[in-house]
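Chains, contacts and geometry: an overview
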Amino acid sequence: MTVAAESASLVQSVDWTAIAPPTITAVVGLIVLVADLFVPEGKKALLGRLSIAGLAVALVSLLPLRAGDRSTFCLTSDTEVCSYTADQFTVVIQLLVLGGALLTALLSVTETARDKLPAGEFWFLLMSSAAGAALLPASRDLATLVVALEVASLPAFALVGMKRGDRLSSEAALKFFLSSVTATAVMLLGVSFVYATTGTLHLTEIAVRLDDVPAQLDTLAKAGVALTLVGFAFKTAAVPFHFWVPDTYVGAPLPVAAYLSVIGKAVGFTGLILVTVVAFPSYADVWGPALAVLAALTMTVGNVAALRQSATRAYSAVRLLAWSSVGQAGYLLVPIAAAAYSSDDQIGSTVAYALMYAVVNLGAFAVAALVARTHPLNRIADYRGLYATRPLAALALGFFLLCLAGLPPGIIGLFAKVTVFSAAVDAGLGWLAVVMAVNVVIALYYYLQWTAVLFRAPEGEPAKHAVPVPVTVAIVLTAVLGVALSGVPQTVLRFATGSLFQ
């Protein structure tokens, strides 16, 4: 009887409601892969609709989790130590990830046919990556965290190189793959050092045991912390781990570039938040200054490079968005660095900023996808006179760019920047706040310059083409969300001031 009771105690119950969002996404991806074998060539669009429906269902499955009080895969010896936790932080990031994946899917419906991409493989890879990205914010041990990170990243390599026979696409995929694998290897070395120091993989347990590290293991622990951060710094495109970004965005199909700019960053920042704030608070004196310097370098390099983009250079619009995303990553790093000097509540500023950035950046890429249908080189000069031919698209893009710049009527962008700036000031990082202020001014120039191009008189007779319905839906959704958020900027403040962790 005793043996039977002990065996029964080892059987874990799974909270299927808690794990529903990534599970539904993964299952739908597998269904799409199998269905591709039986769907006729002329009806491959059904796979895209199935994927969109799956992502919509995954988003709906977040509703029962909004209380943020569920955990599963816990230790039988201590039910407070779990590998999967659906707290407020998890739910918000999963909303960002799955919502961003849904908008990417809408952009991809016509692009898969236009670029002659293999539909079955494309949708399977997109769903697989989204499932990994949705799993990552709920991961509360290093093993699950690394697995989720790689599940999100590995399909992205194939998505970047999906345009067969395209030299730029192949080069982008290879550069992305090699640099990412190197960063992952460094991160795994850091994880192994942390495990050797603490003897556990659970983040909360690591935090406890790092409080009392023997003197002879202190150097090993610091090395583990630093090397682990390097891996996630690459995923966030922080300088000097940013070099893959512009070429990867240019070579990838445009919806994939949009996906990487938002979901890829969300994955990196989520992992960075979890390992710093949850696992390594004892070593805030190590990662705090390092992230502050990375934030300053990242925003400066990104904005200066975006400023230097020529309007007539091929793919200059995509390159500007790529370098802009690097600059925005610098802003996102500021509250994480500030958390080392003040409190974990500063993390809310990063989450709030990430939500704003996700909406408006996906919207900008949606308009870029629309323009690319008639101007494949996607130069900034190609947007001249867009208001004369596509007034609603031009107004939407102008609004998105003003949000990114932090100017009215993009109130949500302004409030997001204010919360990040306040986080730096409250943490005593005055020098970082000054660097941020200078970079905001630099960014104003190239955002406003692109916005002005939209409303200039067009050169020659403008041509009109039909706009695909899914692209229209993506532009409308992002514009509506951006306007709605600008109407209730207190939402940003709530995220910035409330604690997202249990």
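Residue positions are given per chain, counted from 1 along the sequence in the order it is written. Local features in this predicted model are restricted to residues whose pLDDT is 70 or higher, and side-chain atom pairs enter the listing and the counts only when it is 80 or higher, whereas totals over whole chains, interfaces and linings include all residues. Neither water nor hydrogens contribute to the side-chain values; these are computed over all heavy atoms in the structure.

- Per an unreviewed UniProt entry, the chain goes by NADH-quinone oxidoreductase subunit N and derives from Streptomyces chryseus.
- UniProt positions are given in the numbering used here, feature names are shortened, and annotations may be inferred rather than shown by experiment. UniProt, in the comment section headed Catalytic activity (unreviewed entry), describes the chain in these words: "a quinone + NADH + 5 H(+)(in) = a quinol + NAD(+) + 4 H(+)(out)".

1. Here we look at the overall build of the chain
- Within the chain, the regular secondary structure consists of 20 helices and two strands.
- Taken over the C-alpha trace, the chain has a radius of gyration of 22 Å; the compact-globule value for 502 residues is 23 Å, and the two agree within 12%.
- Counting only C-alpha atoms and orienting by the principal axes, one finds that the chain spans roughly 85 × 60 × 40 Å.
- Using a 1.4 Å probe on the protein chains alone, a residue whose accessible area is under 20% of its type maximum counts as buried, one over 50% counts as exposed, and one in between counts as partly exposed. Taking all 502 residues of the chain together, the buried fraction comes to 57%.
- Contact between two residues is taken to exist if any of their heavy atoms lie within 4.5 Å; hydrogens are not considered. Across the chain, contacts joining residues at least 24 apart in sequence account for 80% of those joining residues at least 6 apart.
- Only carbon and sulfur atoms are counted for the fraction: they give 67% of the accessible area of the chain, which is about 19,300 Å².
- Charge counting treats Lys and Arg as positive and Asp and Glu as negative, with His and both chain ends excluded. The atom standing in for a charge is NZ when the residue is Lys, CZ when it is Arg, CG when it is Asp and CD when it is Glu. Counting 27 positive and 27 negative side-chain charges, the chain places the centres of these two groups 16 Å from one another. In this description a helix means any DSSP run of H or I spanning at least four residues, a strand means any run of E spanning at least two, and both kinds are numbered starting from the N terminus. All radius of gyration figures rest on C-alpha atoms, and the globule criterion is 2.2 Å times the number of residues raised to 0.38. Per-residue accessibility takes into account occlusion by the displayed protein chains alone, with areas from the Shrake-Rupley method and a 1.4 Å probe.

2. Details of the packing of helix H16 (residues 391–405) against helix H18 (residues 430–454)
- Here, axes are lines fitted to C-alpha atoms. For helices the fit covers the stretch in contact, and angles between N-to-C directions go from 0 to 180 degrees. As a packed pair, H16 and H18 sit with axes 9 Å apart at the nearest point and diverge in direction by 175°. Our classification of the angle between H16 and H18 gives roughly antiparallel. Contact residues: H16 offers Ala-394, Leu-397, Gly-398, Leu-401, Leu-402, Leu-404 and Ala-405, while H18 offers Val-440, Leu-444, Tyr-447, Leu-448, Trp-450, Thr-451 and Leu-454.
- Ten residue types, Ala, Val, Leu, Ile, Met, Phe, Trp, Tyr, Cys and Pro, are classed as nonpolar, four, Asp, Glu, Lys and Arg, as charged, and the remainder, Gly among them, as polar. Among the residues forming the contact of H16 with H18, the class breakdown is 12 nonpolar, two polar and no charged. Each angle is binned into one of four classes, with values under 35 degrees roughly parallel, values over 145 roughly antiparallel, values of 65 to 115 roughly perpendicular, and all other values oblique.

3. Some thoughts on helix H19 (residues 469–487)
- Between its terminal C-alpha atoms H19 stretches 27 Å, which fits the 27 Å expected from 19 residues at 1.5 Å a residue.
- Taken as a whole, H19 has its buried residues at Pro-470, Val-471, Ala-474, Ile-475, Thr-478, Ala-479, Gly-482 and Ser-486. To estimate the expected span of a helix, count its residues, drop one, and scale the result by 1.5 Å.

4. Quick notes on the state of the cysteines
- By disulfide we mean two sulfur atoms from cysteines, separated by a distance within 2.5 Å. This structure, assessed with the given rule, holds one disulfide.
- Through a disulfide, Cys-74 is tied to Cys-82; the S-S separation comes to 1.9 Å. Looking down the S-S bond of the Cys-74 and Cys-82 bridge, the torsion is 90°, so its handedness is right-handed.

5. Regarding the environment of Leu-65
- Positionally, Leu-65 belongs in the loop between helix H3 (45–60) and strand E1 (70–74).
- Each C-alpha atom, one on Leu-65 and one on Ala-18, is 6.7 Å from the other, the two residues being 47 residues apart in sequence.
- Once residues lying within four places of it in the same chain are set aside, the contact partners of Leu-65 are Thr-17, Ala-18, Pro-21, Arg-70, Val-91 and Gln-94.

6. Quick word on a nonpolar patch on the surface
- Patch definition: residues with relative accessible area over 30% and no salt bridge; like charges joined within 9 Å; nonpolar side chains (Val, Leu, Ile, Met, Phe, Trp, Tyr) joined within 5 Å. The salt bridge criterion pairs a side-chain nitrogen of Lys or Arg with a carboxyl oxygen of Asp or Glu, the two atoms within 4 Å. The grouping of Leu-154, Leu-174, Phe-177, Leu-178 and Val-181 at the surface amounts to a nonpolar patch, some 440 Å² of accessible area in total.
- Broken down by element, the nonpolar patch gets its largest block of residues, four residues, from helix H7 (residues 167–198).
- As for its position among the elements, Leu-154 is in helix H6 (residues 142–160).
- Assessed through its relative accessible area of 46%, Leu-154 is described here as partly exposed.

7. Comments concerning the side chain of Lys-265
- Inspection of the secondary structure puts Lys-265 in helix H11 (residues 254–279).
- In this structure, Lys-265 is buried with no salt-bridge partner, the nearest side chain bearing the opposite charge being Asp-247 at 14 Å.
- If we skip the residues at most four places from it in the chain, Lys-265 touches Lys-235, Thr-236, Ala-237, Tyr-249, Leu-260, Ser-325, Ala-329 and Tyr-357.

8. Looking at empty space enclosed by the protein
- Method remark: on a 1 Å grid restricted to protein atoms, a set of points is classed as a cavity if a 1.4 Å probe fits but cannot get out and as a pocket if it is open with protein on both sides within 12 Å along at least five of seven lines; lining residues have an atom within 4 Å of a point. Grid points are joined across faces, edges and corners, and a volume is the space filled by probe spheres set on the points. Under the counting rule described, the total for this entry stands at two cavities of 30 Å³ or more.
- Within this model, the largest cavity holds a volume of roughly 160 Å³.
- Together, 18 residues line the largest cavity, and Ser-153, Phe-176, Lys-235, Leu-260 and Gly-264 are the ones closest to its centre.
- Looking at the lining of the largest cavity, the elements that each hand over two or more residues are helix H5 (119–135), H6, helix H9 (218–235) and H11.
- The element contributing the most residues to the lining of the largest cavity is H11, with six residues.
- Across the lining of the largest cavity, the residue classes break down as 12 nonpolar, four polar and two charged.
- As a volume, the second largest cavity reaches approximately 100 Å³.
- In terms of lining, the second largest cavity is formed by 13 residues, of which the most central are Leu-96, Lys-265, Ala-266, Phe-269 and Ala-354.

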